[in-house]
Amino acid sequence: MGAGNIGGKTLEPGLYKWTSPLLIPADITISGNSTDTWIFQIAQTLNVSSGVRVTLEGGALPKNIFWQVAGAVTLGTTSHFEGVILGKTGINMLTNATSNGRMLAQTAVVLQKATIVQPAN
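Residues numbered from 1 in each chain as written. Predicted model: local features only at pLDDT ≥ 70, side-chain atom pairs only at ≥ 80, totals over all residues. Heavy atoms only, no water.

1. Some details on the overall build of the protein chain
Looking only at helices and strands, the protein chain has zero helices and 14 strands in total. The helix and strand sequence of the protein chain, counted from the amino end, reads β-β-β-β-β-β-β-β-β-β-β-β-β-β. Computed over the C-alpha atoms, the radius of gyration of the protein chain is 13 Å, within 12% of the 14 Å expected from 2.2 N^0.38 for a compact globule of 121 residues. In the protein chain, buried positions account for 39% of the 121 residues. Counting only contacts in the protein chain whose residues sit at least 6 apart along the sequence, the fraction spanning at least 24 positions is 40%. Here the protein chain displays about 5,700 Å² of accessible surface, and carbon together with sulfur accounts for 51% of that area. (Helix = DSSP H or I, 4+ residues; strand = E, 2+ residues; numbered from the N terminus. Rg over C-alpha atoms; globule rule 2.2 N^0.38 Å. Buried < 20%, exposed > 50% of the residue type's maximum accessible area, 1.4 Å probe, protein only. Contact = heavy atoms within 4.5 Å. Areas by Shrake-Rupley, 256 points an atom, 1.4 Å probe, with all protein chains shown as cover.)

Shown next, in the form of structure tokens:
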């Protein structure tokens, strides 16, 4: 989907796979209900541009959104992210980035004045 660029898209529940790096240069929406699941498998890096927002609608919950990333993850300055990132390498949240979810990496999670809110069970 999106040839490695999903900016501006609305994503329904399901499994999404990329063999290339994934870029989110513009706001995206994750749409579904509270029992739906989203799995994003990225074989390379994930980069969310500065100021970009991932927004939930229709009752979608961050605890049901999984981003499995083989390469480095960068959440740009003042960006907002939703879901659980499972990173094989590092996760970097730049200045004032926020996330509703979890950041789990095999190496390190680096926060630069960033905020992570744990999703409710």
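2. Side note on the sheet that holds strand β8 (residues 65-69)
Note on sheets: strands pair through backbone hydrogen bonds, and any given pair is parallel or antiparallel. The parallel open sheet is built from six strands, whose spatial order is β2-β5-β8-β10-β12-β14. The strands lining the two open edges of the sheet, one partner per strand, are β2 (14-18) and β14 (115-117). Across this sheet, the average inter-strand angle for adjacent strands is 35 degrees, counted without regard to direction. Bridge analysis of strand β5 (residues 38-42) against β8 gives five bridges, and the strand direction is parallel. Paired with Ile 42 across the two strands is Val 69, which belongs to β8. (Pairing = 2+ DSSP bridges. Axes fitted to C-alpha atoms, helices over the stretch in contact; angles between N-to-C directions.)

3. A look at the packing of aromatic side chains
Within this structure, the stated rule accounts for five aromatic pairs. A network of ring pairs unites the aromatic residues Tyr 16, Trp 18, Phe 40, Trp 67 and Phe 81 as a single cluster. (Phe/Tyr/Trp six-rings, centres within 6.5 Å; stacked < 30°, edge-to-face > 60°.)

4. Quick notes on the pairing of β8
Only one face of β8 is covered, namely the face carrying Ile 65, Trp 67 and Val 69; the face carrying Phe 66 and Gln 68 is uncovered. For β8 and strand β10 (residues 80-87), the ladder comprises four bridges, and the chain directions are parallel. Considered in β10, the bridge of Val 69 is made with Gly 87.

5. Points about the sheet that holds strand β4 (residues 28-31)
On the basis of which strands lie adjacent, the open sheet formed by three strands has the order β1-β4-β7 and parallel pairing. Two strands in the sheet have a free side with no partner beyond their single neighbour: β1 (10-11) and β7 (54-57). The pairing of β1 with β4 spans two bridges and is classified as parallel. When the bridges of β4 are listed, Leu 11 appears paired with Ile 30.

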